[in-house]
Amino acid sequence: MSHAMTFSEYGTPEVLRLSEVAPPEPGPGQVRIRVRAASVNPLDMKIRSGLMAGTVPARFPVIPGLDAAGVVDAVGEGAERTVGDEVLGATVGGSYGEYALLDGPVTKPEALSWEVAASLVTVGRTAFRVLHQLGVQSGQTLLVHGAGGSVGCIAVQLAVARGISVIGTVGEHDIERVTVLGATAVRYGDGWMERVRGAAPEGVDFVFDASGAGVLADSVALTGDSARVITIADMSAAQHGVRFSAGAADQGGESLPELVRLAADGKLIVPIWRIYRLTDAAQAHTDLEAHRNQGKAVLMP
């Protein structure tokens, strides 16, 4: 037997409990890893609280978690991996445990820390996917709402690397950090449209909302076309004719190897906010729900 954090009812972070579970068995093409790090994503908390019960119904008990990095411990039929390989990827059946299953794992370079390796998966693939869906090209201008968040800061870096001019709305405390990433940072809140227009006098071509801060109507007005605005955080998207981007699809899965290479080469920064022990998962959820973080929270068994 092994240990994992589970919940058997929806509720506050206190529903998370350390439980004894059987290590998962890898299916065809899968590997089981001994988890070295697992990242905490906003979706974990939405599922735990019951906010996603209509679209992601739980089968209790639930082991939360979407991403992990670790050492291959067992290999399923057809998996092109060897016991002892260091890998990362999206988990099947949760990551808040001593063991997890990965489907399509990617090799973890030595230059990549365990916590960054685990933190890169969902946020990196999301940023990559949204930029692809928008179709923004070199020489155009992209506005990123929530540029100081985990997805936003990766989107900024990917866009800047592609020759895209980026403006990011951020809190006062994130202005310097986002500016260093290559964006023109403007303060969010009342008057943000005027500040964006001042930073981009020739106009904004596309908008990526990673904030969910009620900015969609003004963002459509800014671009003049709802098809040029996309959100991952505002559930009112359809009311504005805006696309809501969800899911893990990233054009065949090629994004993660590219993201890993960029991070290992020091060309992509994945900010880590806090590191917790696995058994402190409830505290991690509590802190994330109570504070404005400046990066990823990571659990380490």
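**Let's talk about the overall build of the protein chain**
If you tally the helices and strands in the protein chain, you get nine helices and 15 strands. Relative to the globule expectation of 19 Å for 301 residues, the C-alpha radius of gyration of the protein chain, 19 Å, shows essentially globular dimensions. Summing over all exposed atoms, the protein chain offers an accessible surface of approximately 13200 Å²; the carbon and sulfur share of this is 50%. Taking the average location of the 24 positive side-chain charges in the protein chain and that of its 33 negative ones, the two points are 1 Å from each other.

**A short note on the pairing of strand S14 (residues 272-277)**
Taken residue by residue, a regular strand's side chains alternate between the two faces of the sheet. Strand direction decides the pairing type here: S14 and strand S15 (residues 296-300), joined by five bridges, are parallel. Within S15, the position partnered with Arg277 by the bridge is Met300. With respect to chirality, the unit in which S14 leads through helix H9 (residues 281-290) into the neighbouring parallel S15 is right-handed.

**Focus on the packing of helix H3 (residues 121-134) against helix H4 (residues 150-161)**
Two measures define how a pair of helices packs: the angle their axes make with one another and the distance between the axes. Look at H3 against H4: their axes get within 8 Å of each other, and the N-to-C directions meet at 50 degrees. When the axis of H3 is compared with that of H4, the two are oblique. As for how H3 packs across H4, the hand of that crossing is right-handed. Contacts from Val123, Gly124, Thr126, Ala127, Phe128 and Leu131 of H3 reach H4 at Ser150, Val151, Ile154, Ala155, Leu158 and Ala159. Each residue belonging to the contact of H3 with H4 can be placed in one class, and the counts come to nine nonpolar, three polar and no charged.

**Describing the nonpolar core**
It is characteristic of soluble globular proteins that their nonpolar side chains tend to be buried jointly. With 45 residues, the main nonpolar core has Leu88, Leu120, Leu142, Ile154 and Phe208 as its most contacted residues. Excluding residues that lie within four positions of it along the chain, Leu88 makes contacts with Ala68, Ala69, Leu102, Pro105, Val106, Thr107, Lys108, Leu112, Ala117, Val121, Leu256 and Val260. In terms of nonpolar packing, the next biggest core, distinct from the first, is built from 19 residues, Val40, Met45, Ile47 and Ala281 among them.

**Quick word on the side chain of Asn41**
For Asn41, the location among the structural elements is in the loop between strand S3 (30-40) and helix H1 (42-49). According to the relative accessible area criterion, Asn41 is buried, its value standing at 2%. Within the structure, the side chain of Asn41 is placed 3.5 Å from the side chain of Ser39, a separation counted as a polar contact. Ignoring anything within four residues of it in the chain, the contact list for Asn41 reads Leu66, Asp67, Thr122, Val123 and Lys296.

**Here we look at the pattern of salt bridges**
Scanning all chains against the criterion turns up eight salt bridges. Residue Glu172 is joined to Arg187 by a salt bridge in which the shortest nitrogen-to-oxygen separation is 3.7 Å. Residue Glu172 is located in the loop between strand S9 (165-170) and helix H5 (175-180), and its partner Arg187 is located in strand S10 (residues 184-187); the two are separated by 15 residues in the primary sequence. Taking relative accessible area as the criterion, Glu172 reaches 56% and is therefore assigned exposed. Each member of the salt-bridge network shares a partner with another, and the members are Glu25, Arg32 and Asp73.

Definitions and cut-offs
- Residues numbered from 1 in each chain as written.
- Predicted model: local features only at pLDDT ≥ 70, side-chain atom pairs only at ≥ 80, totals over all residues.
- Heavy atoms only, no water.
- Helix = DSSP H or I, 4+ residues; strand = E, 2+ residues; numbered from the N terminus.
- Rg over C-alpha atoms; globule rule 2.2 N^0.38 Å.
- Areas by Shrake-Rupley, 256 points an atom, 1.4 Å probe, with all protein chains shown as cover.
- Lys, Arg positive; Asp, Glu negative; His and termini not counted.
- Charge placed at Lys NZ, Arg CZ, Asp CG, Glu CD.
- Pairing = 2+ DSSP bridges.
- Right-handed = clockwise from strand over helix to strand, strands pointing away.
- Axes fitted to C-alpha atoms, helices over the stretch in contact; angles between N-to-C directions.
- Parallel < 35°, antiparallel > 145°, perpendicular 65-115°, else oblique.
- Left-handed = near helix turned anticlockwise from the far one by under 90°.
- Contact = heavy atoms within 4.5 Å.
- Nonpolar A, V, L, I, M, F, W, Y, C, P; charged D, E, K, R; others polar.
- Core = buried A, V, L, I, M, F, W, Y, C linked by side-chain atoms within 4.5 Å.
- Buried < 20%, exposed > 50% of the residue type's maximum accessible area, 1.4 Å probe, protein only.
- Polar contact = N/O pair within 3.5 Å; in protein donor to acceptor, adjacent residues only side chain to side chain.
- Salt bridge = Lys/Arg side-chain N within 4 Å of Asp/Glu carboxyl O.

Worth remembering: the numbers are spatial, not functional.
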